[in-house]
Amino acid sequence: MNQIRAIQQKSMMVVSKISLSQHTRKKLVHKASNASWALFRTLLIIGMGYVILYPILSMLSKAFSGDYIQSELVVWIPRKFSLQNIYAASKFLKYPTTVVNTFLLSSVSALLQVISCSLAGYGFARFKFKGRELLFGMVLFSIIVPPQTYIISTYLKFRFFNFFGLTGKSSINLINTFWTFWIPSLMGNGLRSGLFIYIFRQFFRGMPKDLEDAAKIDGCGAFQTYLRIMLPNALTSCLTVFLFSFVWHWNDYYTSNMMFQIKNEPFSVLIFRQQDFLRNLSAYNFENFNIQYMLNASVLISLLPLIIIYIIAQRYFIESVDKIGIKG
Amino acid sequence: MKRLKGKFHLSLEERNGMKGYAFIMLWLIGFIFFFIMPIIESFIYSLSDVKVTTSGMKTAFVGLKNYHEALLVDPNYFRQLVNSLVNMLYEVPIIAMFSMFIACILNQKFKGRTFARVLFFLPVIIASGVSIEILKQGGMSTDINGMDSIYMFKATALEQILTEAGISQKVVMYLTNLVNRIFDISWKSGIQILLFLAGLQTIPSSYYEVSSMEGATRWEEFWKITFPLLSPITLVCVVYTIIDSFTYYQNPVMQAIKGSTDGLKYGYAAAQSWIFFILIFFIIIFVLRVVFRNTVYTEE
């Protein structure tokens, strides 16, 4: 009996030993795979970081370069620093005026879009009415229609502006004014408004119904409920939409190029014009400037306000991802 | 009197509906004025000969002449259409895969995650048509003439190695093209990464806990949980990428339409954009109906 027990104990020990070693082995493998994954991840992020930062760093290096001719010897640090490119670029871009113009255009449009798109998004999310699905389908449809299909008619609408015949037979010329962006934004049909309405609708749909019922019992009307209860809760979405709308307006070229031809141009239009201008000049072989350096300087000063805003507000950009909860 | 009142009396549901209309009214008026009307007008322009005078537009109906000119007479337009289509077919799957992969990485917890996210969203801020073109020109090569510099990175060594190894020319071309496009892809997928990250946040962590209890590996978790649950977002991303790739201002068709508009050929430009729009529309319908017919929706 004792012998049997001893054998049993021995075998038990062996089993436990094997299982222990297996366990540690599994742990080791797990650790090793985790470590290699972390290494791979780090390398990948560094590599992609290089790809993303490369043009930005090269832009900085070129914008501050004092050389006229691109030298093979220079990779990053220019032989001579100078501010002449920046100076020339800021002259061509009419710097302080254009900053104010572009800022005014982008921020007011973005604000109006937040207002109009959140209203429409709330309407689509919380009320049942006839044709709701159809109308929301139209919102989605407006996202996929490329703007070049109707931009000519939009242009003519503003060239001979007459809102449903409100001004009688005469029409106003709104080209070259900010109204070309502000009016569509106010009406919820600005740059990528469809997308913003979609974002707001998704957000409002996720809010608990009890909030509205409580507000109703406290005597709030529908609009008050929206203004006092829903909107404060949607602050992150509002901020996200505002930031994206701001950035997209700032960078927009296609529509701006149509709408601004003589004055009030934002940066994108002016930079494009500068590029054409410099290319034409280079046909005459002027030796004392470098087109690339000048253009890089222009891009740098035009993006500078945007980059500053991004650095300040990056927390909201990134947090918004966690909170906005876009669903397909 | 009482009966009349009864007729105008709205039920609670109907009153709620009226409130809904009130909320979307601003959008609806704007939509009719800035979307429906322009779209109908542009369709009429595409069927007519348009002249701009000081008093307004003058249109003369010419039927399908503009369409005929675009598709059968113009030597460039059809080629530009095919070019932008091929370009789209190239880009969309790569961008979708790349951004999903990056989003999965950025969703993990590690040191410096915030920094990595700031970095990857930077293209969203900067990637505007004009600026990015100029930055690309600047970064691509030291060649002063600007020749031979479509891509920022050129994988000539890779091309040589693969050709030496006896791999068919077509495959080599595709692979090197892919590597050369790394810059373009990483700069074009900012929004898509953002969308995928937002989508990943909506997957409950309990799913992963359960699957790891059951002994699933990370690889299995990705294919059995993450990938199917992300399919609605993937759909949004693919559609967004298709539209982005077509409406990108450097797109050859966009350039052609701009050229016609600058040349005051409004009718022809409208026809060109309508053909383009119909093409995009059918591609998106195809993607929705055929490619993504098995999309998984968890809620509602």
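Remember, it's a predicted structure, so these values are computed and weren't measured experimentally.

With respect to the overall build of chain A
Across its full length, chain A holds 13 helices and 0 strands. The N-to-C order of helical and strand elements in chain A reads α-α-α-α-α-α-α-α-α-α-α-α-α. Looking at chain A as a whole, 51% of its 328 residues qualify as buried. Counted over contacts in chain A with a minimum sequence separation of 6, partners at least 24 positions apart contribute 70%. With the model as given, the accessible surface of chain A reaches about 17,200 Å², and the carbon-plus-sulfur share is 66%.

Things to note about the overall build of chain B
A count of helices and strands for chain B gives 15 helices and 2 strands. In chain B, which comprises 300 residues, the proportion classed as buried is 47%. Across chain B, the fraction of contacts at a sequence separation of at least 24, relative to all contacts at a separation of at least 6, is 68%. For chain B, the exposed surface amounts to about 16,200 Å²; the carbon and sulfur share of it is 64%.

With respect to the pattern of salt bridges
Residue and element names in this part refer to chain A. A complete count under the given rule lists 7 salt bridges over all chains for this structure. E265 is the partner of K94 in a salt bridge, and the nearest nitrogen-oxygen pair spans 3.8 Å. One end of the pair, K94, is in the loop between helix 2 (84-92) and helix 3 (95-126); the other, E265, is in the loop between helix 11 (254-259) and helix 12 (267-282), with 171 residues separating them in the sequence. According to the relative accessible area criterion, E265 is buried, its value standing at 3%. Two residues, R132 and E133, come together in a salt bridge whose shortest N-O distance is 3.3 Å. Take R132: its relative accessible area is 19%, and that puts it in the buried class. The exposure class assigned to E133 is exposed, which follows from its relative accessible area of 55%. Bridged by salt links that share partners, the residues K94, E265 and R273 form one connected network.

Details of the environment of I56 of chain A
Turning to its location among the elements, I56 of chain A is positioned in helix 1 (residues 2-63). Residues I56 of chain A and L300 of chain A, 244 residues apart in the sequence, show an inter-C-alpha distance of 8.7 Å.

Topic: the packing of helix 2 (residues 12-46) of chain B against helix 15 (residues 266-291) of chain B
Residues and elements named next belong to chain B. At their nearest, the axes of helix 2 and helix 15 sit 7 Å apart, and the two run at 115° to each other. Accordingly, the angle class assigned to the pair helix 2 and helix 15 is roughly perpendicular. The two elements helix 2 and helix 15 meet at a crossing, and its hand is left-handed. Along the contact surface, helix 2 presents I39, S42, F43, Y45 and S46, while helix 15 presents G267, A270, A271 and W274. Here the contact of helix 2 with helix 15 is built from residues that sort into 6 nonpolar, 3 polar and no charged.

Comments concerning the nonpolar core
A general trend in soluble globular proteins is that nonpolar side chains are found buried together. The biggest cluster of nonpolar side chains holds 162 residues, and the ones touching the most others in it are F124 and F204 of chain A together with W27, I126 and I242 of chain B. At 15 residues, the largest contribution of residues to this core is made by helix 4 (residues 77-107) of chain B. If near-sequence neighbours (up to four positions away) are discounted, F124 of chain A is found in contact with F129, R132, L135, F136, V139, I197 and R201 of chain A together with I24 and W27 of chain B.

With respect to the side chain of S107 of chain A
Along the chain, the position of S107 of chain A falls in helix 3. Residues contacting S107 of chain A, with those up to four places away along its chain left out, are F242 and F246 of chain A.

What to know about the packing of aromatic side chains
According to the stated counting rule, one finds 50 aromatic pairs over all chains in the structure shown. Taking the centre distance of 5.5 Å and the plane angle of 75° together, the rings of F124 of chain A and W27 of chain B count as edge-to-face. A residue pair is termed interchain when its members come from two chains, as with F124 of chain A in helix 3 and W27 of chain B in helix 2. In this structure, R192 of chain A is placed above the aromatic ring of W248 of chain A, and the distance from its NZ or CZ to the ring centre is 4.0 Å.

A few points about the packing of helix 8 (residues 209-217) of chain A against helix 9 (residues 222-233) of chain A
Residues and elements named next belong to chain A. As a packed pair, helix 8 and helix 9 sit with axes 10 Å apart at the nearest point and diverge in direction by 150°. In this view, helix 8 runs roughly antiparallel relative to helix 9, as classed from their interaxial angle. When you trace helix 8 past helix 9, the crossing you get is right-handed. Counted together, L211, E212 and A215 of helix 8 and T225, I229, M230 and N233 of helix 9 form the full contact between these two elements.

Here's the deal with unusual backbone geometry
All names here are of chain A. Non-glycine residue K94 carries a positive phi angle of around 50°. For K94, a relative accessible area of 42% translates into the label partly exposed. At N264, a position not held by glycine, the phi torsion is positive, near 60°. With respect to the helices and strands, the residue N264 is situated in the loop between helix 11 and helix 12.

Description of the interface of chain B and chain A
Taken residue by residue, the interface counts 99 residues in chain B and 98 residues in chain A. For the pair chain B and chain A, the summed buried surface comes to about 8,900 Å²; carbon and sulfur atoms form 76% of the total. Together, F23, W27 and F34 of chain B form the three largest contributors to the area buried by chain B at its contact with chain A, with a combined 10%. One salt bridge connects K157 of chain A with E41 of chain B, and the closest N-O pair in it is separated by 3.1 Å. Our count for the contact surface shared by chain B and chain A stands at 10 residue pairs in polar contact (both at pLDDT 80 or more). The element contributing the most residues to the side of chain B that touches chain A is helix 2 of chain B, with 24 residues. When the residues that make up the side of chain B that touches chain A are grouped by side-chain class, the tally is 67 nonpolar, 23 polar and 9 charged.

Observations regarding the confidence of the model for chain B
Residue and element names in this part refer to chain B. Across chain B, the average pLDDT comes to 79, with 85% of residues at 70 or higher. When the criterion is pLDDT under 50, residues 139-150 qualifies, and its contacts beyond four places in sequence or with other chains add up to 15 contacts. Reported for the predicted complex are a pTM of 0.82 and an ipTM of 0.80.

A few points about the environment of R25 of chain A
Examined against the element boundaries, R25 of chain A turns out to sit in helix 1. Spatially, the C-alpha atoms of R25 of chain A and G219 of chain A are 66 Å apart, while their sequence positions differ by 194 residues.

Things to note about a nonpolar patch on the surface
On the surface, Y50, L53, L57, L60, W76, I77 and F81 of chain A cluster together to form a nonpolar patch covering roughly 690 Å² of accessible area. Relative to the elements of secondary structure, I77 of chain A occurs in the loop between helix 1 and helix 2.

Considering the environment of A269 of chain B
Tracing the backbone through its elements, the reader meets A269 of chain B in helix 15. Residues A269 of chain B and Y67 of chain B, 202 residues apart in the sequence, show an inter-C-alpha distance of 9.9 Å.

With respect to helix 5 (residues 113-126) of chain B
Residue and element names in this part refer to chain B. Its 14 residues place the ends of helix 5 21 Å apart at the C-alpha level, agreeing with the 20 Å of an ideal helix rising 1.5 Å per residue. Along its length, helix 5 reaches its greatest deviation from straightness, about 30°, at F120, and the proline P123 lies no more than four positions downstream. Taken across its 14 residues, helix 5 has 10 buried, putting it largely inside the fold.

Calculation notes
Chains are numbered independently. Their residues run from 1 in the order of the written sequence. Each chain is given a letter, starting from A, and each ligand a number, starting from 1, according to the order in which they appear as written. Note on the predicted model: pLDDT of at least 70 is required for a residue's local features to be given, and 80 or more for side-chain atom pairs to be given and counted; whole-chain, interface and lining totals, by contrast, use all residues. Side-chain measures were taken over the full set of non-hydrogen atoms in the model, leaving aside hydrogen atoms and water. Strands here are runs of E lasting at least two residues and helices are runs of H or I lasting at least four, both read from the DSSP assignment and numbered beginning at the N terminus. Burial status follows relative accessibility: with a 1.4 Å probe on protein chains alone, a residue under 20% of its type maximum counts as buried, one over 50% as exposed, and anything between as partly exposed. Working rule for contacts: check all heavy atoms of both residues, and any pair within 4.5 Å makes them a contact. Method for areas: the Shrake-Rupley scheme with a 1.4 Å probe, in which residue coverage is limited to the protein chains shown. Counted as salt bridges are all cases of a side-chain nitrogen of Lys or Arg within 4 Å of a carboxyl oxygen of Asp or Glu. Only the stretch in contact is used when fitting a helix axis, every axis being a line fitted to C-alpha atoms; angles between N-to-C directions are given from 0 to 180 degrees. For classification purposes, angles smaller than 35 degrees are called roughly parallel, those larger than 145 roughly antiparallel, those between 65 and 115 roughly perpendicular, and all remaining angles oblique. Two helices crossing with the near one rotated counterclockwise from the far one by less than a right angle form a left-handed crossing, whereas a clockwise rotation gives a right-handed crossing. We call Asp, Glu, Lys and Arg charged. Ala, Val, Leu, Ile, Met, Phe, Trp, Tyr, Cys and Pro are nonpolar, and the rest, Gly among them, are polar. Put simply, buried Ala, Val, Leu, Ile, Met, Phe, Trp, Tyr and Cys residues joined by side-chain atoms within 4.5 Å make one nonpolar core. Note on ring pairs: Phe, Tyr and Trp rings are taken, using the six-membered ring of Trp, and paired if centres are within 6.5 Å. Classes follow the plane angle, with under 30 degrees stacked, over 60 edge-to-face and the rest tilted. Here, a charge over a ring means that NZ of Lys or CZ of Arg falls within 6 Å of the ring centre while also lying within 35 degrees of the ring normal. What counts as buried area is the accessible surface, traced by a 1.4 Å probe, that two parts surrender upon association, with contributions from both included. Think of a polar contact as two N or O atoms within 3.5 Å of one another; within protein, one of them needs to be a possible hydrogen donor and the other a possible acceptor, and neighboring residues in sequence only count if both atoms come from side chains. Scored from 0 to 100, pLDDT records how confident the predictor is in each individual residue. Patch criteria: residues need more than 30% relative accessible area and no salt bridge. Like-charged residues are merged within 9 Å; nonpolar side chains of Val, Leu, Ile, Met, Phe, Trp and Tyr are merged within 5 Å. A helix is expected to span 1.5 Å multiplied by its residue count minus one. To get the bend at a given residue, fit one axis to the seven residues ending there, fit another to the seven starting there, and take the angle between those axes.

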